[in-house]
Structures are given as C-alpha cells and as structure tokens.
Amino acid sequence: MLLPSAVRLAASCSPRTVSRISLQILSSTQSSFTHNTISRSPKTPYIRSYASKSKAKSTADLVPGSKQALTSEAARLEYGKSEAKMNAAVEWYRKEVAGLETRASGRVTPALLSPVRIELAGKGKDLVKLEEVATIGVRDGSTLIITVFEEHNLKAVEQALYAAKLPNIVPQRQDSRTIKIPIPRPTVEARNALTATAQRMAEDTRVQLRKIQQASVKKGDYKKHSIELEQVIQKLADRNTAEVDKILAHMKKSTGAR
C-alpha cells in the first residue's frame, strides 16, 4: 500500500482501524527490506594462491663448479702433476734468491758456495756437492776456508770454484788441502746487481708457471667437466706466481735495494 493512500484511508477510519493499518504497513516494509537484503548476492572475496612449497627446488645441495671433484682420472693426474711442477719451480726460485740475498747482505756463510758442483775422477759425468768432499768454515767473519778430505781432490775443487762463476769468489790455495776465499763487503752497485738477477729469475719462473698451466689445461681437458674447473688450474698458477712475487719483495726489503 502506498503511503498517500494509507493517509487518506486513515483519515476516514476509526482509531482502532488506523492502528491495525499502521501495523500492516510496517510489517510489509520490513518484509520487503529483508527480501531485498537476502536476494543480494555477497561479493566473493579474492583469494591469492601461492606456489606449493613441495614444488620449489632448493639450491642448498648445488655445488659450484670450482668445488666439484674431477671425475676423470686423467684430469686428476694432470692436475697433480701440474701442482708438483709449479711447487718445484717456486722452491727452486726460493733457494736461488736465498743465496743471492746472503751475498747481498754481506753475510759470509758456507751457503755462498752451495751452487758449486765438482767433477771427480772415476765418477764419470756425475757431479758431487762441495760438502761431500770438503769442509767449509768461516774465519774472522769475512773469509771462507775450504779443507778437502783427500789431497788429490784439491785441484778438482779449485776448478769447480772457477767454473761456478760466483761473484767475488776468488779461491786462493793455502796448502795441499786448504783453499782460502776472502769475501769483500758488497757495494750498493753489487746489491742492485744481485737484485736485478733475482728479478730476471722471477720473470723466468713466472713464464715457467704459465707454460705449466697452459700444458695442464690442454692435457687435462677440464672443460669436459665444468668451465669453472678450468679456473682451478688458473688459481693454482696465480697462487704460485704470488709466492714468487712475495719472495722477491722480501729480498728487496732485506737488502734495501730498489
């Protein structure tokens, strides 16, 4: 029932009738409101979906190529050979520089004669070390004294000293078993010359390390396993090269050479 019609009807009716009509109107309005509210379909909320954790792949178990083990026996053997060769090259350089450093510092020790090799009669082409046929001592802190065990070896020792071509080593025969070698104090020029020799040896050693590296990469064929595995031999070469640089820097510092 419309509101204007209800008002006109109420004006012509008794009070009791008006109350009844009002209750009917109110009930009809509430029923209509309830029907409209229920008939409206509620909005469906948006639910965001995520990837299942069971399908996600973990990277915790992945191993970088540089840490992978060489599965090829040939590659492992080649790497081991290269490592041994590089270590030997560095150790050779270390010993050579130790001798140069001793001479540059002016210290007189038997190690100054360590490069000397002697050819003895009856030994063929096999050379022996000086300490195998003689004793080496230091007198007054500036003179080396060589005393051979057997007199007939004195001449061979003297020849070996000249053949070694060591700087400032001039043997002087004292008697049938003894050779004296005065060692002068090194000058600045002498120290710089010894340092230059160490630098040349360092460069020769670096070249040797690079050659060993290149041969290892070619023979080991590390690319079959991983590109990063080829970098392992590069790291090995870099580590040994850094050790050569360290040895040379120590000599320069200890001798005060530039």
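Residues numbered from 1 in each chain as written. Predicted model: local features only at pLDDT ≥ 70, side-chain atom pairs only at ≥ 80, totals over all residues. Heavy atoms only, no water.

1. Examining the overall build of the protein chain
In step 1: Along the protein chain, the regular secondary structure elements total 6 helices and 6 strands.
In step 2: Within the protein chain, buried positions represent 28% of all 258 residues.
In step 3: Contacts spanning at least 24 positions in sequence make up 65% of the contacts within the protein chain whose residues lie at least 6 apart.
In step 4: Just so you have it, the protein chain exposes about 18000 Å², and 54% of that area is on carbon and sulfur atoms. (Helix = DSSP H or I, 4+ residues; strand = E, 2+ residues; numbered from the N terminus. Buried < 20%, exposed > 50% of the residue type's maximum accessible area, 1.4 Å probe, protein only. Contact = heavy atoms within 4.5 Å. Areas by Shrake-Rupley, 256 points an atom, 1.4 Å probe, with all protein chains shown as cover.)

2. Considering the pattern of salt bridges
In step 1: Evaluated as defined, the whole model comprises 6 salt bridges.
In step 2: With its nearest N and O atoms 2.7 Å apart, the salt bridge here joins Arg 173 to Glu 158. Taken as a pair, Arg 173 in strand E5 (residues 172–173) and Glu 158 in helix H4 (residues 154–164) lie far apart in primary sequence, 15 residues in all.
In step 3: The class of Glu 158 is buried, set by a relative accessible area of 17%.
In step 4: Put simply, Asp 245 and Arg 206 hold a salt bridge, and the shortest N to O gap is 2.8 Å. Residue Asp 245 is found in helix H6 (residues 227–255), and its partner Arg 206 is found in helix H5 (residues 188–220); the two are separated by 39 residues along the sequence.
In step 5: Look at Arg 206 and you get buried, because its relative accessible area is 17%.
In step 6: Look at the salt bridges and you will find they share partners, linking Glu 203, Arg 206, Arg 210 and Asp 245 into a network. (Salt bridge = Lys/Arg side-chain N within 4 Å of Asp/Glu carboxyl O.)

3. Structural notes on the sheet that holds strand E3 (residues 134–139)
In step 1: Pairing is antiparallel across the open sheet formed by 4 strands, whose spatial order is E3-E4-E6-E5. Unpaired on one side and paired on the other, E3 and E5 mark the two borders of the sheet.
In step 2: Two elements, strand E4 (residues 143–148) and strand E6 (residues 178–182), share 5 bridges in a ladder whose sense is antiparallel. Bridge assignment links Ile 146 to a residue of E6, and that residue is Ile 179. (Pairing = 2+ DSSP bridges.)

4. Focus on the pairing of E6
In step 1: Both E5 and E6 contribute to a ladder of 2 bridges, which runs antiparallel. Residue pairing in the sheet places Gln 172 in a bridge with Lys 180 of E6.
In step 2: Linking two consecutive strands that pair antiparallel, namely E5 and E6, is a turn of 4 residues.

5. Notes on the side chain of Arg 103
In step 1: Residue placement: Arg 103 occurs in helix H3 (residues 73–105).
In step 2: Despite being buried, Arg 103 has no salt bridge partner; Glu 96 is the closest side chain of opposite charge, sitting 7.1 Å away.
In step 3: Residues contacting Arg 103, with those up to four places away along its chain left out, are Leu 112, Leu 166, Pro 167, Pro 186 and Leu 194. (Lys, Arg positive; Asp, Glu negative; His and termini not counted.)

6. Structural notes on H4
In step 1: For H4, the set of buried residues is Leu 154, Ala 156, Val 157, Glu 158, Ala 160 and Leu 161.
In step 2: Summarising the contacts, the buried residues of H4 are in contact with strand E1 (117–119), E4, E5 and E6.
In step 3: Note on H4: the residue one or two positions beyond its end, Lys 165, has a positive phi of about 55 degrees.

7. What about unusual backbone geometry?
What is expected of a backbone is that most residues other than glycine have negative phi and most peptide bonds are trans.
In step 1: The phi torsion at Asp 140 lies on the positive side, around 60 degrees, for a residue other than glycine.
In step 2: Backbone geometry at Lys 165 places phi at a positive 55 degrees, although glycine is not the residue there.
In step 3: Its place among the elements puts Lys 165 in the loop between H4 and E5.

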